[in-house]
Amino acid sequence: MDFIDKNLQSYVESHSDSETELLEEINRYTNLNVINPRMLSGHLQGRILSFISRMINPKTILEIGTYTGYSAICLLEGLKKKQGKIITIDKNDEISEKVKFFFKKSKSFHKINYLIGDAVTIISKLKETFDLVFIDADKENYSKYFDLVFPKLSKGGFIIVDNVLWSGKILNEKKDKLTKIIDNFNKKISRDNRIRKVILPVRDGITLIQKK
Ligand SMILES: C[S@@+](CC[C@H](N)C(=O)[O-])C[C@H]1O[C@@H](n2cnc3c(N)ncnc32)[C@H](O)[C@@H]1O
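(A) Structural detail: the overall build of the protein chain. Summing up its helical and strand segments, the protein chain has eight helices and seven strands in all. Over its C-alpha atoms the protein chain spans a radius of gyration of 16 Å, differing by no more than 12% from the 17 Å that the globule rule assigns to 212 residues. Along the three orthogonal principal directions, the C-alpha set of the protein chain runs to about 45 × 45 × 35 Å. The proportion of buried residues among the 212 residues of the protein chain is 38%. For the protein chain, the proportion of contacts with a sequence separation of at least 24, taken over those separated by at least 6, is 68%.

Structure follows, in structure tokens:
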């Protein structure tokens with residue numbers, strides 16, 4: 001569920017920055033050819049990710065859940081000009097050739113480290129410290145991703161978490177398994193005193209977290 005009326009959404013998008021040609025291409029391709037195109041961040045969320053990344057101007061970004069590469073390209077826009085790098089992880093190798101094709105079209109292609117495999121296994125082995133992390137993969141592992149990533153987050157570093165309102169199901173009295181998992185994750189984040197946090201009711205709900 002989007003939390004904003006369709007007409008208002010169109011108004012917001014038409015009065016915000018446009019998608020780049022490459023992002024338009026990924027968006028179109030995903031909607032026509034890939035299963036579950038709703039998973040793609042899309043125009044408005046993509047511009048928000050880009051804007052946040054530009055404000056932080058991170059040296060290192062970690063993305064968990066590449067999908068077709070849309071959000072990685074958005075986050076890349078804010079990366080430090082010199083020596084910046086983004087690591088993006090996805091376990092789905094079926095679309096990886098197409099994702100690489102899109103990444104190669106970006107002028108910052110050399111800054112992208114696209115890793116294919118299970119994120120829990122890969123993150124455990126990463127040695128880097130990250131200034132910005134985007135968690136957007138399997139909801140069952142959100143809590144684990146947060147715990148794994150937290151020690152690797154620089155002081156004052158940020159985590160963005162997608163889908164935290166789960167199409168509004170988070171308010172249901174009787175919650176299904178996944179909704180409970182997300183609700184428990186939200187509760188855990190809200191109680192953690194080591195971080196600042198705010199939920200933005202944008203698209204499917206985005207939590208912004210900052211390590212104190
Ligand atoms: C919601 S999509 C990501 C959307 C993308 N960030 C965007 O905004 O365009 C979630 C992705 O997480 C990947 N994924 C799910 N479980 C994973 C895991 N355990 N390890 C790595 N990737 C995983 C899926 O293959 C899928 O491509």
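(B) Region of the structure containing the site of the ligand. Taken together, the neighbourhood of the ligand is formed by 17 residues, with Ser41, Gly65, Tyr67, Ser71 and Ala119 sitting nearest. For the shell around the ligand, the per-class residue count stands at seven nonpolar, five polar and five charged.

(C) Local environment of the nonpolar core. In terms of nonpolar packing, the biggest core is built from 49 residues, with Val133, Ile135 and Ile159 touching the most fellow members. In terms of residue count, helix H4 (residues 70-76) provides more of this core than any other element does, six residues in total. The residues contacting Val133, other than those within four sequence positions of it, are Leu62, Val149, Leu153 and Ile159.

(D) Layout of the sheet that holds strand S3 (residues 112-116). Sheet architecture is open: seven strands sit in the order S3-S2-S1-S4-S5-S7-S6, paired in mixed fashion. Only two strands of the sheet have a single partner each, and these edge strands are S3 and strand S6 (195-200). Going from strand to strand, the sheet's axes swing by 15° on average, the running direction of each strand aside. With five bridges joining them, strand S4 (residues 130-135) and strand S5 (residues 153-162) adopt parallel strand pairing. Opposite Val133, over in S5, you have Ile159 as the bridge partner.

(E) Here's a closer look at the environment of Lys169. Its place among the elements puts Lys169 in the loop between S5 and helix H8 (177-191). In the structure, Lys169 is positioned 14 residues away from Asp183 in sequence and 9.5 Å away in space, judged by C-alpha atoms. When sequence neighbours within four positions are dropped, the list of residues in contact with Lys169 reads Lys175 and Thr179.

(F) Representation of helix H2 (residues 21-33). Between its terminal C-alpha atoms H2 stretches 18 Å, which fits the 18 Å expected from 13 residues at 1.5 Å a residue. Along H2, the residues that are buried comprise Leu23, Ile26 and Thr30. Buried residues in H2, looked at end-on, bunch into an arc of 60°, giving them a common side. Facing away from the buried side of H2 by over 90 degrees, the exposed positions are Glu21, Glu24, Arg28, Leu32 and Asn33. On its buried side, H2 packs onto helix H3 (42-56), H4 and helix H5 (96-105).

(G) Broad picture of unusual backbone geometry. In the Ramachandran plot, Trp166 falls in the positive-phi region, its phi being about 45° despite a non-glycine side chain. Its place among the elements puts Trp166 in the loop between S5 and H8. Of note in the backbone geometry, Ser167 takes a positive phi value of approximately 55° without being a glycine. Note that Ser167 resides in the loop between S5 and H8.

(H) Here's a closer look at the pairing of S5. The buried fraction of S5 amounts to seven of the ten residues, a majority that puts the element mostly inside the structure. One crossover worth recording links S4 to the parallel S5 by way of helix H7 (residues 142-149), and it is right-handed. The sheet contact formed by S5 and strand S7 (residues 206-211) spans five bridges and is antiparallel. Pairing of Asp162 across the sheet is with Ile206, part of S7.

(I) Representation of the pairing of S7 within the structure. In the sheet, S6 pairs with S7 via six bridges, with the strands oriented antiparallel. Residue pairing in the sheet places Leu200 in a bridge with Ile206 of S7.

Rules and cut-offs
Residues numbered from 1 in each chain as written. Predicted model: local features only at pLDDT ≥ 70, side-chain atom pairs only at ≥ 80, totals over all residues. Helix = DSSP H or I, 4+ residues; strand = E, 2+ residues; numbered from the N terminus. Rg over C-alpha atoms; globule rule 2.2 N^0.38 Å. Buried ≥ 20, exposed ≤ 12 C-beta atoms within 10 Å, placed from the backbone. Contact = placed C-beta atoms within 7 Å. Near = placed C-beta within 6 Å. Nonpolar A, V, L, I, M, F, W, Y, C, P; charged D, E, K, R; others polar. Core = buried A, V, L, I, M, F, W, Y, C linked by C-beta atoms within 7 Å. Pairing = 2+ DSSP bridges. Axes fitted to C-alpha atoms, helices over the stretch in contact; angles between N-to-C directions. Expected span 1.5 Å × (residues − 1). Arc of directions from axis to C-beta. Right-handed = clockwise from strand over helix to strand, strands pointing away.

Distances and angles like these do not, on their own, reveal function.
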